[in-house]
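Chain and residue survey
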Amino acid sequence: MPEWLQAGGWGLLAGSALLLGAAVGWLVRVPRRVIASVMAFGAGVLLSAVSFELMAEAHERGGMTPTALGAAGGAAAYTLANIGLARRGARHRKRSGDEQPSEHDQPGSGSAIAVGALLDGVPESVVIGASLLTGGPISLVTVVAVFLSNVPEGLSSAAGMRQAGRTRAYVFALWTAIALVSGVAAVAGYTLLGGAPPEVLAAITALAAGAILAMITDTMVPEAFSDAHLLVGLVTVAGFLTAFALSHA
């Protein structure tokens, strides 16, 4: 099988977890404390993957300067884009309660939420595709980390969309589209970055890592610590250690 097709398949697999989480969030009334716990676990998983997979790989490939510049640039780009989307109603796109505005409350918020979901998912998929450029197998830890974190993201966001009065068709069409885009983004990460110098690959990997880290703190952590119980910090560390163990297996 061509490697670009493998990249797309792995990206689609990781992105499909969003659809799985959305199905649970829409069909099952999961208590908010459970959603917060699951989101905390997903945040811990991604924090570990960013630290021990993406940033470590970027530093090994290109050194400190492109890694630091890439991470800062990714965080800045994500934050600026997120500010624009927040002003259009997408600030609480991953909240499971009544924080999300309805289309009646803020016209255009549905489109902003859709664009925000794309913004959150594309960097993760790009690095999945780019991980094949080393000549070895796919970074299974990255795929697993993205998959495990996507389930609570889809769950929490779909629950919030249901609270905001959005239709079943809207919710499932959105997450199906994001899953497909995840596959396309992974293909792009493989094809567009092939042959790039190590410093460029390092900067791109770190850019994605910076964007993911900004996303975690801006959209996942607030939900993880909403209605938090006293064990939520322990759950976050459990997610972190799960990904850490996978990276050293």
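Residues numbered from 1 in each chain as written. Predicted model: local features only at pLDDT ≥ 70, side-chain atom pairs only at ≥ 80, totals over all residues. Heavy atoms only, no water.

Moving on, we get to a nonpolar patch on the surface. Among the surface-exposed residues, Leu-20, Val-24, Leu-27 and Val-28 lie close enough to one another that they form a single nonpolar patch of about 340 Å² accessible area. Here Leu-27 lies in helix α1 (residues 3-27). Among the residues examined, Leu-27 registers a relative accessible area of 59% and is labelled exposed. (Patch = residues over 30% accessible without salt bridge, like charges linked within 9 Å, V, L, I, M, F, W, Y side chains within 5 Å. Areas by Shrake-Rupley, 256 points an atom, 1.4 Å probe, with all protein chains shown as cover. Salt bridge = Lys/Arg side-chain N within 4 Å of Asp/Glu carboxyl O. Helix = DSSP H or I, 4+ residues; strand = E, 2+ residues; numbered from the N terminus. Buried < 20%, exposed > 50% of the residue type's maximum accessible area, 1.4 Å probe, protein only.)

Right, let's get into the pattern of salt bridges. Two side chains carrying opposite charge are able to pair once their charged atoms lie near each other. Applying the stated rule across the entire model yields nine salt bridges. The shortest N-O distance in the salt bridge between Glu-57 and Arg-61 comes to 3.0 Å. Placement of the pair is Glu-57 and Arg-61 together in helix α2 (residues 32-62), with a separation of four residues, close to one helical turn. Put simply, Asp-120 and Arg-93 hold a salt bridge, and the shortest N to O gap is 2.9 Å. Residue Asp-120 is located in helix α4 (residues 109-130), and its partner Arg-93 is located in the loop between α3 (64-90) and α4; the two are separated by 27 residues in the primary sequence. Pair check on accessibility: Asp-120 and Arg-93 agree, each one buried. The network of salt bridges with shared partners includes Arg-32, Arg-95, Glu-99 and Glu-223.

What follows covers the UniProt feature "transmembrane region" (unreviewed entry) in the chain. Mapped onto this structure's residue numbering, the UniProt feature "transmembrane region" (unreviewed entry) falls at residues 6-28, 35-56, 68-86, 169-193, 200-216 and 228-246. Helix makes up 100% of residues 68-86 and strand 0%, with an end-to-end C-alpha separation of 27 Å. Its end C-alpha atoms 35 Å apart, residues 169-193 is made of 100% helix and 0% strand. (UniProt positions renumbered as here; feature names shortened; annotations may be inferred.)

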